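Spelled out, the chains give:
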Amino acid sequence: MSTSQDGTQNAAQHASKSAAAIDRARAQGRAALIGYLPAGYPSVADTIAAGIALAENGADLIEIGIPYSDPVMDGQVIQAATTEALAKGFRVPEVFDVVRGITSKTDAAVLVMTYWNPVVRMGVDEFSRRLAEAGGAGLITPDLIPDEAAEWMAASDKYGLDRVFLVAPSSSPERMKRTVDASRGFVYAVSIMGVTGARASVSSAAKSVVAAAHAAGAERVCVGLGVSNAGHVREIAEYADGVIVGTALVAAIRDGGVDAVASLTKDLSTGLTKEEA
Amino acid sequence: MVRLMVDAPAAGSDESAVDAFLQGGRPQEPTAQGGPSLRHAPGPYFGGYGGRWMPESLIAALDELEDTFEKAKADPEFTAQIADLNKNYSGRPSLLTEAKRFAEHAGGVRIFLKREDLNHTGSHKINNVLGQALLAKRMGKTRVIAETGAGQHGVASATAAALLGLECVVYMGAEDCRRQSLNVARMELLGATVIPVTNGSQTLKDAINEALRDWVANVGNTHYLLGTAAGAHPFPAMVRYFHEVIGEEARAQILDQTGRLPDAVCACIGGGSNAIGIFHGFLDDASVKIYGFEAGGEGVETGRHAATITLGKPGVLHGARSYLMQDDDGQTIESHSISAGLDYPGVGPEHSYLADIGRVRYEPITDSEAMEAFRLLCRTEGIIPAIESAHALAGAIKVGQRLAAEDAGAASEKIVIVNLSGRGDKDVATAAEWFDLLDEDSPEAEIAKEGEQL
């Protein structure tokens, strides 16, 4: 990128809502908890209520997913939820209502996780402007790599939004460096080669991905994919700056509504304290 | 393998083209002819299209594939292997057959059929699967996965896997499995495992989604054998490379048989692999008009069609930026066509580029038009075409009539080549249903809803 790295980096240090939220957790001697919910599942109002419950019960950051017709990185549970949301008529601009609904009631940093085409369709600048207006922290982009992100780099600088790219066990050292450099707020470390979904144990690959991202210069690295209980959270909190839980929360809202999200979040947050910190 | 950002469409120097692209507009009619060569475009970008809109987890595998492909192309042993398989396994070169009685219905121009239907497995698909399966072996992968709609690419993939001793898993929409139970059996006879996909709309695009999910989880030992010239780089350029033989043969054959280049070349377009294969031979021949015929389904005005370039807008799906059937939210719209092979809401990125610069003209053909051309070829030439290819035949009738209208006296000197991309054995039940040839209590009539692809 030919954009002025120095200027944007400095601006970002002050502006990044995600970084601030992770740093607040760090100041308390713990990793940050990041919870995912798909917008509009089972309704927009429920997503807002569940997001507030997440924040009130220990989540530092919240990811709101945009339901999409072709979610190639998602497993069965999240696919079923987003397919239902779309079938019920979810429209993309409603994600801004969800973000505003949560940020107006809590201090949590709220990011949007989205496949790229809905952003392309609205227009990257327009989407970014509306997200910033709604109080959003930035975007997590599972199918956008920095190589293709020129427009998003410009828009995220313009509106002061975080850009969270993913790194994976398969990322080469060159790609790791490039992705870390392009990211702002934090870097999303994919724990395993696969799609979203609960798994019995945390992949041993996660620790080395986090180490590689730190070595490439990332200040904040959060781990997601397959993290579903307090034990997983405790294990990851030992070496990562944040822990991302998705499918387990989606199953909770599916089976027990907002109350179940609140109690699962409370339970997950017990795993955050670094035992030797 | 790290690609420079300046290659990215939004960072390119051609601001107006980028603006037009982003707004879903189309650039001005081009000057096309006389410019730099359009052949052998390497990717990752074709104008503002193509690229890699893919999860980071798969980038290393795409890099490995690109690297292996580039080295293989430069390796005489590999190109000799391909040439040998094409000749002694697939049966290439495929014939170029003049269709004299059919041509009487196309304004009286001369029509030549490029007979990809005569290849082993019955379509052009074999060209690509053999090439990719060889690359899988070169990468040390022991397993290939593929998506399929009606089953043609699945059968071809299972064939290549059997020949080369690879494990093969084919993802296929659950509805397609039901309607194409004989093709499921063919794949299983060839040793493949067919997995019905019940997610989303349960169609070809969902089969691709499921194959991508498998690939992310098993990329260490698995190659994704994508069936069309779409997807993330290097797939569009690589799939085209394996199909370029169609255009090379056709060009040499028409020169041999008629002493000159054709006036027009016609092909059907779903993802666009047979089309890009034959087009490639003629892209730099300024005098040759090139036409791609999309599936117009029940008519583009009905919304039930697969005319991606005609009516779609640029977007990203399955790894590439290209024209796409999508709603105002960027959600993919389900496509409809009597031809399962054309029933895809996206299109290969090189076609989007060729459309924008005006080198290729893309037009829709309805189900009815295609089926009339299907019947006509059966009865005038004794060739049952794939319904996909029937779209190209219907388009060629229109092109022939236009050429004749331009200069009626010279119609018999005009030459049109049609890529007959596949044979129609697989489509007999669909055609029988369409033309109402089935007994009411036949098993086929029981399975099929009115006009349904079988």
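Fair warning: this is a prediction, and the values are worked out from it, not measured in the lab. (Residues numbered from 1 in each chain as written. Chains lettered and ligands numbered in written order. Predicted model: local features only at pLDDT ≥ 70, side-chain atom pairs only at ≥ 80, totals over all residues. Heavy atoms only, no water.)

**Student:** For this particular structure, what's the right way to read the overall build of chain A?
**Tutor:** A tally of helices and strands in chain A yields 12 helices and 9 strands. Against the 2.2 N^0.38 benchmark of 19 Å for 277 residues, chain A shows a C-alpha radius of gyration of 17 Å, consistent with a compact globule. Taking the principal axes of the C-alpha coordinates as reference, chain A spans close to 50 × 45 × 30 Å. By the burial criterion, 62% of the 277 residues in chain A qualify as buried. Restricting the contact set of chain A to residue pairs at least 6 apart, pairs at least 24 apart contribute 73%. Counting only carbon and sulfur atoms, one obtains 51% of the accessible surface of chain A, whose full area is about 9,500 Å². Averaging the locations of the 24 positively and 32 negatively charged side chains of chain A gives two centres separated by 2 Å. (Helix = DSSP H or I, 4+ residues; strand = E, 2+ residues; numbered from the N terminus. Rg over C-alpha atoms; globule rule 2.2 N^0.38 Å. Buried < 20%, exposed > 50% of the residue type's maximum accessible area, 1.4 Å probe, protein only. Contact = heavy atoms within 4.5 Å. Areas by Shrake-Rupley, 256 points an atom, 1.4 Å probe, with all protein chains shown as cover. Lys, Arg positive; Asp, Glu negative; His and termini not counted. Charge placed at Lys NZ, Arg CZ, Asp CG, Glu CD.)

**Student:** What am I meant to see in the sheet that holds strand β7 (residues 193-197) of chain B here?
**Tutor:** Each strand in a sheet pairs with another by means of backbone hydrogen bonds, the pair being arranged parallel or else antiparallel. Residue and element names in this part refer to chain B. The 4 strands are arranged β7-β6-β5-β8 in an open sheet whose pairing can be described as parallel. The open sheet terminates on both sides in strands that have one partner only, identified here as β7 and β8 (222-224). The mean inter-strand angle of the sheet, taken between neighbouring strand axes irrespective of direction, is 25°. The sheet contact formed by strand β5 (residues 143-148) and β8 spans 3 bridges and is parallel. Paired with Arg143 across the bridge in β8 is Thr222. (Pairing = 2+ DSSP bridges. Axes fitted to C-alpha atoms, helices over the stretch in contact; angles between N-to-C directions.)

**Student:** Just to check I follow, could you spell out the interface of chain B and chain A for this structure?
**Tutor:** The figure often quoted for interface size is the accessible area lost as the parts come together. With 42 residues of chain B at the interface, the matching set in chain A holds 42 residues. Summed over both partners, the interface of chain B with chain A comes to about 3,600 Å²; 51% of that surface belongs to carbon and sulfur atoms. Where chain B touches chain A, the interface holds 4 salt bridges. One can count 21 residue pairs in polar contact (both at pLDDT 80 or more) joining chain B with chain A. (Buried area = accessible area lost by both parts, 1.4 Å probe. Salt bridge = Lys/Arg side-chain N within 4 Å of Asp/Glu carboxyl O. Polar contact = N/O pair within 3.5 Å; in protein donor to acceptor, adjacent residues only side chain to side chain.)

**Student:** Sorry, what's going on with helix α8 (residues 181-189) of chain B here?
**Tutor:** Residues separated by three or four positions in an α-helix point in the same direction, a consequence of the helix having 3.6 residues per turn. All names here are of chain B. When we look at burial in α8, the residues that qualify are Asn183, Val184 and Met187. Down the axis of α8, the buried side of the element spans an arc of 105°, and every buried residue falls inside it. The exposed residues of α8 that point more than 90 degrees off its buried face are Leu182 and Leu189. Packing partners of the buried residues in α8 comprise β5, α6 (152-164), β6 (167-173), α7 (174-179) and β7. (Arc of directions from axis to C-beta.)

**Student:** Looking at this structure, I do not really get the packing of aromatic side chains. What am I missing?
**Tutor:** Centre-to-centre distance and the angle between the planes together describe a pair of aromatic rings. Residues and elements named next belong to chain B. Counted under the stated rule, the structure contains 13 aromatic pairs over all chains. An aromatic cluster of three or more residues is present, and its members are Phe69, Phe78, Tyr241 and Phe242. Here the basic side chain of Lys73 rests over the ring of Tyr241, its NZ or CZ set 5.6 Å away from the ring centre. (Phe/Tyr/Trp six-rings, centres within 6.5 Å; stacked < 30°, edge-to-face > 60°. Lys NZ or Arg CZ within 6 Å of the ring centre and 35° of its normal.)

**Student:** What am I meant to see in the pairing of strand β12 (residues 319-324) of chain B here?
**Tutor:** Residue and element names in this part refer to chain B. Most of β12 sits inside the fold, with 6 of its 6 residues counted as buried. Sheet topology places strand β2 (residues 49-53) next to β12; 2 bridges connect them, and they run antiparallel. Counted as the bridge partner of Gly50 is Arg321 from β12. Pairing geometry for strand β11 (residues 313-317) and β12, over 5 bridges, is antiparallel. Bridged to Lys313 within β12 is Leu324. Between β11 and β12, which pair antiparallel and follow one another directly, the connecting turn spans 1 residue, one of which, His318, has a positive phi of 50°.

**Student:** Is there a simple way to think about a negative patch on the surface in this case?
**Tutor:** Together, Asp436(B), Asp439(B), Glu440(B) and Asp441(B) give the surface a local cluster of negative charge. In this structure, Asp441(B) sits in the loop between α16 (428-434) and α17 (443-447). (Patch = residues over 30% accessible without salt bridge, like charges linked within 9 Å, V, L, I, M, F, W, Y side chains within 5 Å.)

**Student:** What exactly am I supposed to notice about the pattern of salt bridges here?
**Tutor:** Oppositely charged side chains may form a pair once their charged atoms are brought near each other. Overall, the coordinates contain 49 salt bridges over all chains when judged by the stated rule. The partner of Arg91(A) in a salt bridge is Asp329(B), and the shortest N-O contact between them spans 2.7 Å. Placement of the pair is Arg91(A) in the loop between α4 (76-87) and α5 (94-103) and Asp329(B) in the loop between β12 and α13 (349-356), with the two residues belonging to separate chains. Here Glu126(A) ties to Arg130(A) by a salt bridge, and the two come within 3.8 Å at their closest N and O atoms. Linking Glu126(A) with Arg130(A), this pair stays in helix α7 (residues 124-133), spanning 4 residues, or about one helical turn. Overlapping salt bridges, with partners in common, bring together Asp23(A), Arg26(A), Glu219(A), Arg220(A) and Asp241(A) in one network.

**Student:** What exactly am I supposed to notice about the pairing of β5(B) here?
**Tutor:** Regular strands have side chains that alternate between both faces of the sheet. All names here are of chain B. Among the 6 residues of β5, 6 are classified as buried, and the element is accordingly described as predominantly covered. The two faces of β5 match: Arg143, Ile145 and Glu147 on one face and Val144, Ala146 and Thr148 on the other face are all buried. Bridge count between β5 and β6: 6 bridges; the pairing is parallel. Counterpart to Thr148 in the pairing with β6 is Met172. In this view, the connection linking β5 to its parallel neighbour β6 by way of α6 has right-handed handedness. (Right-handed = clockwise from strand over helix to strand, strands pointing away.)

**Student:** Sorry if this is basic, but what is going on with the environment of Arg402(B) here?
**Tutor:** Residue and element names in this part refer to chain B. Summarising the element assignment, Arg402 is placed in helix α15 (residues 387-406). In this structure, the C-alpha to C-alpha distance between Arg402 and Val109, residues 293 residues apart in sequence, is 9.9 Å. Excluding its chain neighbours within four sequence positions, the residues that come into contact with Arg402 are Tyr291, Arg361 and Glu363.

**Student:** Just to check I follow, could you spell out the confidence of the model for chain A for this structure?
**Tutor:** Fine structural detail should not be taken from predicted coordinates in areas where pLDDT scores are low. Summarising the model, chain A shows a mean pLDDT of 93, and 94% of its residues fall at 70 or more. Counting interchain partners and residues more than four positions distant, the pLDDT-below-50 stretch residues 1-13 of chain A has 9 contacts. (pLDDT = per-residue confidence, 0-100.)

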